[in-house]
Amino acid sequence: NAGVTQTPKFQVLKTGQSMTLQCAQDMNHEYMSWYRQDPGMGLRLIHYSVGAGITDQGEVPNGYNVSRSTTEDFPLRLLSAAPSQTSVYFCASSYSHSLVMNTEAFFGQGTRLTVV
Amino acid sequence: AQKVTQAQTEISVVEKEDVTLDCVYETRDTTYYLFWYKQPPSGELVFLIRRNSFDEQNEISGRYSWNFQKSTSSFNFTITASQVVDSAVYFCALSLYNTDKLIFGTGTRLQVFP
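Now for a look at the structure at hand. (Residues numbered from 1 in each chain as written. Chains lettered and ligands numbered in written order. Predicted model: local features only at pLDDT ≥ 70, side-chain atom pairs only at ≥ 80, totals over all residues. Heavy atoms only, no water.)

What about the state of the cysteines?
Residues and elements named next belong to chain B.
Turning to step 1, where the next piece is worked out: Within the structure shown, the criterion is met by two disulfides over all chains.
Turning to step 2, where the next piece is worked out: Note on cysteine connectivity: Cys-23 is disulfide-linked to Cys-92, with sulfurs 2.0 Å apart. Residues Cys-23 and Cys-92 share a disulfide whose torsion about the S-S bond is about -65°; that sign makes it left-handed. Of this pair, Cys-23 sits in the loop between strand S3 (19–21) and strand S4 (24–26) while Cys-92 sits in strand S10 (residues 88–96), placing them 69 residues apart in sequence.
Turning to step 3, where the next piece is worked out: Among the residues examined, Cys-23 registers a relative accessible area of 0% and is labelled buried. (Disulfide = S-S within 2.5 Å. Helix = DSSP H or I, 4+ residues; strand = E, 2+ residues; numbered from the N terminus. Buried < 20%, exposed > 50% of the residue type's maximum accessible area, 1.4 Å probe, protein only.)

This is the structure:
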């Protein structure tokens, strides 16, 4: 099992460019999410998905799009990068089932994004 | 609204000292879950513990222990006989029943010096 795999690990973008951060998990988890980590602010939820075809906004969704066409993949798209999106991005997945709720999240290694 | 507060931004200790990391949470829900994650210098997030709101028993795992007190809305984490490898940022997090959305505190950076 690879767990949660994020690519790339590092990225530098120019203001206005777009890009997609990839996230894949091989644990057959229904729940996937994206967080951003900024100094002094902990991790904040950007978007999440409770299963294929279902996505919803988190705390800081502006400037980001997501889709969930398969259980395994949950890409995060930056539409027009801004310096305020400079951050470390984490993808996470967890097993949610009617009998087992709120299980621990497994995190990817993170993507360090710099927008100049 | 839900919130997690980790008032200690940074703690420095010398090896073998005991250290407690504080976590205070806010929620009006009666069913919720609390977590601790460790982020070592390499950057990944490592799960440490999950506790539901109906289980106030303290938990011990090796040198780690957790004290959950609903009366004070706290879920504190103690490392006994700290080691240099314990140096990391530690996050406390809250999720409400039937949602896996995590609400994180701002983290406490622990530095353990030899």
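Let's pick the thread back up.
What to know about the packing of aromatic side chains
Turning to step 1, where the next piece is worked out: Counted under the stated rule, the structure contains 19 aromatic pairs over all chains.
Turning to step 2, where the next piece is worked out: Here Phe-35 of chain B and Tyr-37 of chain B contribute two aromatic rings whose centre-to-centre distance is 6.3 Å and whose plane-to-plane angle is 25°, an arrangement assigned as stacked. For the pair Phe-35 of chain B and Tyr-37 of chain B, one class covers both residues: buried.
Turning to step 3, where the next piece is worked out: Both rings, one in Trp-66 of chain B and one in Phe-77 of chain B, keep their centres 5.0 Å apart while their planes meet at 5°; by these two values the pair is stacked. Residue Trp-66 of chain B is found in strand S8 (residues 64–69), and its partner Phe-77 of chain B is found in strand S9 (residues 74–79); the two are separated by eleven residues along the sequence. The exposure classification of Trp-66 of chain B matches that of Phe-77 of chain B, with both residues buried.
Turning to step 4, where the next piece is worked out: Chaining the aromatic ring pairs together yields one cluster made of Tyr-35, Phe-90 and Phe-107 of chain A together with Phe-35, Tyr-37, Phe-47, Phe-91 and Phe-104 of chain B.
Turning to step 5, where the next piece is worked out: Against the face of Phe-74 of chain A rests Arg-68 of chain A, its NZ or CZ located 5.9 Å from the ring centre. (Phe/Tyr/Trp six-rings, centres within 6.5 Å; stacked < 30°, edge-to-face > 60°. Lys NZ or Arg CZ within 6 Å of the ring centre and 35° of its normal.)

Things to note about the pattern of salt bridges
Residue and element names in this part refer to chain A.
Turning to step 1, where the next piece is worked out: What the rule picks out here adds up to five salt bridges over all chains.
Turning to step 2, where the next piece is worked out: Two residues, Arg-36 and Asp-38, come together in a salt bridge whose shortest N-O distance is 2.9 Å. With respect to burial, Arg-36 and Asp-38 carry one shared label: buried.
Turning to step 3, where the next piece is worked out: Through salt bridges that share partners, Arg-36, Asp-38 and Arg-44 make up one connected network. (Salt bridge = Lys/Arg side-chain N within 4 Å of Asp/Glu carboxyl O.)

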